[in-house]
Amino acid sequence: MEKKNRLILALDVTDREHALRIANEVSDYVDSIKVGYPLVLGEGLGIVKELVEIAPVIADFKVADIPNTDRLICEHVFNAGAAGIITHGFTGRDSLDSCVKVANDFGTDVYVVTEMSHPGGVEFFRPVAEDIAKMAVEAGASGVVAPATRPERVKDIRKIIGEELSIISPGVGAQGGSAADVIRAGADWVIVGRSIYNSDSPAEVAKKICDEMNC
């Protein structure tokens, strides 16, 4: 993914028309569009094929199953045109290896969740987040997910992964994270959803966030 604007749109809307309208409005300011279950369950995986005409798509399915099931999920996602997928790491190295292998075959990216951005994200992830980050490096993942709501954790994760992997960071805006703070802490991209797609002027909000990061 080209680091131009350092902004990823989390497109957690549920209908095609709304999704395409928002994506087109902010296309000048985002490097990628992240889609998850709300949109794909509402409109089908075919929505990815439409969105990739606007910007590269990361499928946020937080893949967390046995290796064979993970392989099948990744194949479907990448065949639909997605440039990347988000997976969990707590299912173990063999499951992550399965995702990375498929991504390598397609020339796409795998991002591994180290710690989630909501308050409950510290309850079970905190004790294992750094081990997951180490595993992501060893498995050859493209990057990790670390919380913009806790920039100090982004710093910790960056120390572990070095400059080999990218950090994409959710939690800016509605969850209270600061784009500028998390970029200074070591994130490569921030992920923003509700602050943009619930706004009356999505493009203006996206531009403001980019300006905050000195894009």
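These numbers come from a predicted model, not from an experiment. (Residues numbered from 1 in each chain as written. Predicted model: local features only at pLDDT ≥ 70, side-chain atom pairs only at ≥ 80, totals over all residues. Heavy atoms only, no water.)

Here we come to the packing of helix H5 (residues 93-106) against helix H7 (residues 129-139). At a minimum axis distance of 10 Å, the contact between H5 and H7 shows a crossing angle of 45°. Between H5 and H7, the interaxial angle falls into the category oblique. Note on packing geometry: the crossing formed by H5 with H7 is right-handed. Taken together, the residues of H7 that come into contact with H5 (itself represented by Arg 93, Leu 96, Asp 97 and Val 100) are Met 135, Ala 136, Glu 138 and Ala 139. Looking at side-chain class alone, the contact of H5 with H7 contains five nonpolar, no polar and three charged residues. (Axes fitted to C-alpha atoms, helices over the stretch in contact; angles between N-to-C directions. Helix = DSSP H or I, 4+ residues; strand = E, 2+ residues; numbered from the N terminus. Parallel < 35°, antiparallel > 145°, perpendicular 65-115°, else oblique. Left-handed = near helix turned anticlockwise from the far one by under 90°. Contact = heavy atoms within 4.5 Å. Nonpolar A, V, L, I, M, F, W, Y, C, P; charged D, E, K, R; others polar.)

Looking at soluble globular proteins, one finds that nonpolar side chains tend to be buried together. By size, the foremost hydrophobic cluster in this structure holds 63 residues, and its most contacted members are Leu 7, Leu 11, Leu 51 and Val 190. Discounting chain neighbours no more than four positions away, the residues touching Leu 7 are Tyr 29, Val 30, Asp 31, Ser 32, Trp 189, Val 190, Val 192, Ile 196, Ala 206, Ile 209, Cys 210 and Met 213. If you look at the next biggest cluster of nonpolar residues, it comprises 11 residues, including Ile 8, Ala 10, Val 113 and Phe 125. (Core = buried A, V, L, I, M, F, W, Y, C linked by side-chain atoms within 4.5 Å. Buried < 20%, exposed > 50% of the residue type's maximum accessible area, 1.4 Å probe, protein only.)

A few words on the packing of aromatic side chains. In this description, a pair of aromatic rings is defined by centroid distance and the angle of the planes. Scanning the model with the defined rule gives two aromatic pairs in all. Between the aromatic rings of Phe 78 and Phe 106, the centroid separation amounts to 5.6 Å while the plane-to-plane angle is 40°, which identifies the pairing as tilted. In this pair, Phe 78 sits in helix H4 (residues 67-79) while Phe 106 sits in helix H5, placing the two residues 28 residues apart along the sequence. Its end group placed over the ring of Trp 189, Lys 3 keeps NZ or CZ at 5.8 Å from the ring centre. (Phe/Tyr/Trp six-rings, centres within 6.5 Å; stacked < 30°, edge-to-face > 60°. Lys NZ or Arg CZ within 6 Å of the ring centre and 35° of its normal.)

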